[in-house]
Amino acid sequence: MRHVDFSPLYRSTVGFDRLFTMLDSLGQPDQAQTYPPYNIERTGENTYRITMAVAGFDEKELSIEAHAHVLQVKGEKSEEPAETSEYLYRGIAKRAFERRFQLADHVEVQAASLKNGLLHIDLLRNIPEAMKPRRISIAAEPVETPKAIEAHIN
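Criteria and thresholds
Residues numbered from 1 in each chain as written. Predicted model: local features only at pLDDT ≥ 70, side-chain atom pairs only at ≥ 80, totals over all residues. Heavy atoms only, no water. Phe/Tyr/Trp six-rings, centres within 6.5 Å; stacked < 30°, edge-to-face > 60°. Helix = DSSP H or I, 4+ residues; strand = E, 2+ residues; numbered from the N terminus. Buried < 20%, exposed > 50% of the residue type's maximum accessible area, 1.4 Å probe, protein only. Lys NZ or Arg CZ within 6 Å of the ring centre and 35° of its normal. Pairing = 2+ DSSP bridges. Axes fitted to C-alpha atoms, helices over the stretch in contact; angles between N-to-C directions. Polar contact = N/O pair within 3.5 Å; in protein donor to acceptor, adjacent residues only side chain to side chain. Contact = heavy atoms within 4.5 Å.

In the nomenclature of an unreviewed UniProt entry, the protein chain corresponds to Hsp20 family protein from the organism Rhizobium tropici.

Printed below as a string of structure tokens:
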């Protein structure tokens with residue numbers, strides 16, 4: 001994988017450190033993790049939903065944390081009692097996982113639900129009023145009558 005040198009951009013930009021760190025981390029091998037599979041969908045202008053396939057996990061075995069622009073979803077199976085049966089084939093994964101998602105500024109977790117083996121995490125981008133674009137009205141100045149300079153010539 002190619003490595004991009006962002007040092008020239010560091011000299012001429014302020015406050016984009018997090019963006020450059022994210023771009024650097026895209027080439028890391030841990031980004032190739034494929035378990036559990038997930039979807040990210042846009043459900044509205046400012047709403048998003050992450051859906052993860054977590055078959056075999058229940059609510060007590062999953063944890064969701066949002067901290068400093070990172071959403072972290074963990075799944076850890078509880079210890080099961082020793083089984084008396086012997087598996088001939090075991091295709092259902094029971095391994096623990098940890099998945100991290102980078103959140104943009106002002107994105108908040110609204111709700112999470114687990115239904116039919118799918119974990120749904122609803123997100124909302126809540127931009128403060130002070131940061132939203134606003135229209136500035138232009139007031140026309142009242143037209144003044146031109147002032148004439150009077151001169152008396154004798």
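Peer 1: Help me out: how do you make sense of the packing of aromatic side chains in this one?
Peer 2: What describes a pair of aromatic rings is the distance from one ring centre to the other and the angle between the planes of the rings. Tallied over the full model, the rule gives 3 aromatic pairs. Ring geometry for Tyr38 and Phe101: centres 5.1 Å apart, planes at 85°, overall edge-to-face. Taken together, the residues span a long stretch of sequence, with Tyr38 in strand E1 (residues 38–42) and Phe101 in strand E5 (residues 97–102) at a distance of 63 residues. A residue is classified by how much of its surface remains accessible, and Phe101, at 7% relative accessible area, is buried. Ring centres 5.3 Å apart and planes at 85° place the aromatic pair Phe57 and Phe97 in the edge-to-face group. Here the residue Phe57 occupies a position in the loop between strand E2 (47–53) and strand E3 (62–67), and Phe97 occupies one in strand E5, the gap between them amounting to 40 residues. Pairwise contacts between aromatic rings join Tyr35, Phe57 and Phe97 into one cluster. Lying across the ring of Phe57, Lys77 places its NZ or CZ 5.2 Å from the centre.

Peer 1: Even after reading the chapter, I still don't get the sheet that holds E3, so can you show me in this structure?
Peer 2: The strands that make up a sheet are held in pairs by hydrogen bonds between backbone atoms, and each pair lies either parallel or antiparallel. Spatially, the 3 strands line up as an open sheet ordered E3-E4-E5, and their pairing is antiparallel. This sheet does not close on itself; its edge strands, each paired only once, are E3 and E5. Pairwise comparison of adjacent strand axes, ignoring direction, gives a mean angle of 15° for this sheet. Examined bridge by bridge, strand E4 (residues 70–75) and E5 share 6 bridges and lie antiparallel to one another. Note that in E5 the partner of Val73 across the bridge is Arg99.

Peer 1: Would you take a moment to explain the side chain of Glu61 for this structure?
Peer 2: Its place among the elements puts Glu61 in the loop between E2 and E3. Residue class for Glu61 comes out buried when judged on its relative accessible area of 14%. Within the local environment of Glu61, its side chain forms a polar contact with the side chain of Lys77, the two groups lying 3.3 Å apart. If sequence neighbours within four positions are ignored, Glu61 has contacts with Gly56, Lys74, Gly75, Glu76, Lys77 and Ser78.

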